Structures are given as structure tokens and as C-alpha cells.
Amino acid sequence: MTDALRAEWTKLRTLPNTAWLLIGAVALTIGVSVVVVATTHQSSGGGGGQDPTKLALTGIDLGQAVIAVFAVLVISEEYGTGLIRTTLAAMPRRRTVLGAKAATVAVLALAAGVIAVSGCLIAGRLLLPSSGLDPAHGYALVSIAHGPTLRAAAGSAVYLTLVALLALGIATAIRDTAVSIGTVLAVLYLPPLLAQAVSDPLRHHIQQIAPMTAGLAIQATTNLRDQPIAPLAGLGVLAAWAAAALLLAGLLLRHRDP
């Protein structure tokens, strides 16, 4: 495993796409959050209807797409160039190869996630008070000293990591870059759209099992009873999706690929 990890790290750090995609994910996540919090306005007497932490972390909704593309390219480019044959010839244990890829992808996605989440929270801390979400209107300042905010911040970074692992599993199973990216984005973004097109209780059930809506429940710090699923349980649903994708990928990598 040590040799496999070293090999995967060498591949990733020497590919120009790796750095640019991770930088792009961080920039997009923070940029969207800045726009959202800067354009949010709470009228006087609002009284706590908004969730400042969740607003500050809105950029993750789009930033996750770039993280997913990064994870897809980690494996699909090897299939596209035929380098996967060299990789599997050098390391015949397929589960070791997939495990090394998953580990390196998870570490890089988590690092990017921590930076992105930190930037989002700083934006929320600085900009939301001028939008009326301040102590004078019944809102606490965004701060990781607040337990629920710390949980939302840490959970959001883990969320991006799990999205990357889900994308890696799907891409390993499909092998084609374009189809893999389309599938991952569909898995993430289509269920929330479908949920809006139906009524309860079906809407509620879709939101509970969809990887994006369930996973992003970790960001909620207020009105938790109004969420379709509890924060930690929602993150567990996304973890189950990622684990299932990697399990399928491992089986196909072992029995299908040369």
C-alpha cells in the first residue's frame, strides 16, 4: 500500500489538472458564498428565520461539482490514455490500487474542503452583519466557537470528501470521462429537482435518501426539526452512497478490467 500511495501521489502532483481543479473548487465555493451573503438582506424584525452558517456555506452547492470532476479525472484519464494497464501490471492487487486512489483523492479533497469552508465562514462573519443578520436582529455572528457552526464546518469539509469518493467510485465503474461526470452530476443534482416536482410524503423521502440533500443537512444549525433528516444521519447517507460506489468499483476493477 505504501508503494501504491507513493505512486498515486506522484501521478496527481505531476498532473497540471490537479492543482487547477482544486484551486478552482476553492475559488468557486468561496466566490459563490461571497455573492450570496453579500446580496442577502434581512429586514428589521426578522427574528432568526435565517441560518447564517448555512447561508455562508452556500458555495459548496456548486463547488462540489468541481471536486467531483477532479475525482473523476483521477481514474478516467488513466482509462482514456490506456495507462491503467501499466498501473495494474505494476500493482496487480486491484483493491490496493483503488484504495490508494481513494486515499489520495480523499486527502486532497479534504484539504481543499477545509480551505473552502474556512473562506466561506470568514465571508459570512464579515458580510452577514451588514445584511441585517447580526446580534441586533437576533442572529449570532458566524463563529466556530459555536458548537453547531463547528459541526457544520467540519461536516461540510467531510461532505466534499465523500462527494469525491462517490465520484471516484462511479468513474471507476463507468471508465468514460464524459459519461462519468454526467452521471455524478445527475446523482447529485437531479434528486433535489425531482423532490421539488412532487409533494409530500414522497418529497420528504427523496430528500432523506438523495446524497446531496441528505449530506448537506450537516450544514443546518437552526430549525433542525424542519430538516428532512438529522445532520449526522444525512452525512451517513452520503457516506453509504460513497461506500456503495467504491464497493461496486472494486468488484468491477477486480473481475472486469485486464
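All figures in this text were calculated on a predicted structure; none of them were measured in a lab.

Where do I start with the pattern of salt bridges in this structure?
Two side chains carrying opposite charge are able to pair once their charged atoms lie near each other. Counted under the stated rule, the structure contains two salt bridges. For the salt bridge of glutamate 78 with lysine 11, the shortest nitrogen-to-oxygen distance reads 3.1 Å. Residue glutamate 78 is located in helix H4 (residues 60-81), and its partner lysine 11 is located in helix H1 (residues 2-14); the two are separated by 67 residues in the primary sequence. A relative accessible area of 5% places glutamate 78 in the buried class. Ionic pairing is found between lysine 101 and glutamate 78, a salt bridge with its closest N-O pair at 2.3 Å. Taken together, the residues span a long stretch of sequence, with lysine 101 in helix H6 (residues 94-127) and glutamate 78 in helix H4 at a distance of 23 residues. Each member of the pair lysine 101 and glutamate 78 is classed as buried. Each of Lys11, Glu78 and Lys101 takes part in a single network of salt bridges with overlapping partners.

What am I meant to see in H4 here?
Quick reminder: α-helices carry 3.6 residues per turn. Residues three or four places apart thus point the same way. Along its 22 residues, H4 runs 31 Å from first to last C-alpha, staying within 8% of the 32 Å computed at 1.5 Å per residue. Taken as a whole, H4 carries its principal kink of about 35 degrees at leucine 73. Counting buried residues along H4, 17 of its 22 residues qualify, which places the element largely inside the surrounding structure. In the stretch just after H4, glycine 82 is the one whose phi turns positive, near 85 degrees.

Criteria and cut-off values
The numbers attached to residues start from 1 for each chain and follow its sequence in the written order. A pLDDT threshold of at least 70 governs which residues receive local features in this predicted model, and a stricter bar of 80 or more applies before side-chain atom pairs are shown or counted, although totals over entire chains, interfaces and linings include all residues. Side-chain numbers come from the whole structure's heavy atoms, not from hydrogens or water. For this analysis, a salt bridge means a side-chain nitrogen from Lys or Arg found within 4 Å of a carboxyl oxygen belonging to Asp or Glu. Helix and strand assignments come from DSSP, with helices taken as H or I runs of at least 4 residues and strands as E runs of at least 2, each series counted from the N terminus. Each residue is assigned to one of three classes by its accessible area relative to the maximum for its type, calculated with a 1.4 Å probe on protein chains only: buried under 20%, partly exposed between the two thresholds, exposed over 50%. Each helix should span, by expectation, one fewer than its residue count multiplied by 1.5 Å. Throughout, bend refers to the angle between the axes fitted to the seven residues that end at a position and the seven residues that start at it.

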